[in-house]
Amino acid sequence: LESSFGFRQQEITTGADSNHLPGETGPANGSPYVFPISPFFSVGQPDGVFYNAGNNDSSDYSFEARLASPADKSIRWSLGAFIYDFSEDVASLSFGITAPGNLGEAVDKRTVKNKAIFGTLDFDVNEQLTLSLEGRYQEESKGLLERDTGYENEAKFEKFIPKAIISYDLTDDASVYGSYAKGLKPGGINGPIGVATGDEFYEEEESDAFELGYKSRFADGRGRITVAGFFNDVTNYQLTTPVAVAGSTAINSVATNQGSAEIKGVELEASFDINDYVTIGGSYAYTDA
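Residues numbered from 1 in each chain as written. Predicted model: local features only at pLDDT ≥ 70, side-chain atom pairs only at ≥ 80, totals over all residues. Heavy atoms only, no water.

Take the nonpolar core next. L144, Y151, A155, F157 and I189 form the largest nonpolar core, which has 5 residues in total. The dominant element in this core, judged by the number of residues it contributes, is strand β8 (residues 151-171), at 3 residues. When near neighbours in sequence (up to four residues on either side) are disregarded, A155 contacts E140, S141, K142, G188, I189 and F201. (Core = buried A, V, L, I, M, F, W, Y, C linked by side-chain atoms within 4.5 Å. Buried < 20%, exposed > 50% of the residue type's maximum accessible area, 1.4 Å probe, protein only. Helix = DSSP H or I, 4+ residues; strand = E, 2+ residues; numbered from the N terminus. Contact = heavy atoms within 4.5 Å.)

Let us now look at the side chain of N190. As for its placement among the helices and strands, N190 is situated in the loop between β10 (188-189) and α1 (192-195). Judged by relative accessible area, N190 falls into the buried class, the value being 11%. A polar atom in the side chain of N190 sits 2.7 Å from the backbone oxygen of D199. The residues contacting N190, other than those within four sequence positions of it, are D199, E200, F201, Y202, V254 and A255. (Polar contact = N/O pair within 3.5 Å; in protein donor to acceptor, adjacent residues only side chain to side chain.)

What follows covers a nonpolar patch on the surface. On the surface, a cluster of nonpolar side chains totalling about 1000 Å² of accessible area is made up of L1, L67, I75, W77, L79, L121, F123, V125, L131, L133 and I166. Sorting the residues of the nonpolar patch by element identifies β5 (75-93), β6 (108-124) and β7 (129-146) as the ones contributing at least two each. If you tally residues by element for the nonpolar patch, the top one is β5, at 3 residues. Tracing the backbone shows L67 in strand β4 (residues 52-68). Residue classification places L67 among the partly exposed residues on the basis of a relative accessible area of 41%. (Patch = residues over 30% accessible without salt bridge, like charges linked within 9 Å, V, L, I, M, F, W, Y side chains within 5 Å. Areas by Shrake-Rupley, 256 points an atom, 1.4 Å probe, with all protein chains shown as cover. Salt bridge = Lys/Arg side-chain N within 4 Å of Asp/Glu carboxyl O.)

Turning to the pattern of salt bridges, a few remarks are in order. Pairing is possible between side chains that carry opposite charge, provided their charged atoms lie close to one another. Within this structure, the stated rule accounts for 11 salt bridges. Where K115 meets E139, a salt bridge forms, and the shortest distance between an N and an O atom there is 4.0 Å. Of this pair, K115 sits in strand β6 while E139 sits in strand β7, placing them 24 residues apart in sequence. When its relative accessible area of 49% is taken as the criterion, K115 is described as partly exposed. Accessibility expressed as a relative area gives 28% for E139, which makes it partly exposed. Between D273 and R224 there is a salt bridge, with its nearest N and O atoms 3.1 Å apart. Remark: R224 occurs in strand β13 (residues 223-235) and D273 occurs in strand β16 (residues 260-273); sequence separation between them is 49 residues. Look at the salt bridges and you will find they share partners, linking K159, K182, E206 and D208 into a network.

So this is what it looks like as structure tokens:
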């Protein structure tokens, strides 16, 4: 029985001078921001030089527990559970600080929650043939709250993710294998900027990945060679897409699902121990995407 726990907390404060001006002129009203004219005289500014400022406070935790059978048996299995919780508060101010020195209340809140159960099963059919099966069922939710616009929504995704590997030992030093795995890239929320164009949400990107390979050792283990060919069939391909901002000439960007993609290729890797001190090796990869 194994378990692990992780916790992270992060606070980031940023500032940027996007207009390169010393600050807005006018009455200072007790503002702590000043623009120096000389060593003896300065002009108070209602806003600071760093017009674009922000705070980003985030925290997350994760927990996983796994129960596994002995590894020296012909049938090996494991069962586990996983949970992840993320929360982020974002304060962003541009061209105007109403309360000097105070970034005010966070305007955005983002959350991600993921919980899953998973299992594996390895079965030695005989001394040469091994079959491995894996499965994971997960539920993920993403939330977005924008306090300045009042927007609040949540996206939920559920998916079963399988994987299978079959391997065969040709000799004590050579083996071949084939594998299939479902790949998943989470979907999410674009929020208000995507509502006008029908892109408020974007779906999960999925891939069906196939691979065939050969591994061997030679010269009493001094030499090693690995060859693999792969093919990935991707659906709901995610891309960043520019969209117009309503009532403005500005351009924003959202994530959208743009059709499908195929990625195939081969990889070769080899090495050889010339002696106890010197090893030579090389690799080659070709990808057609």
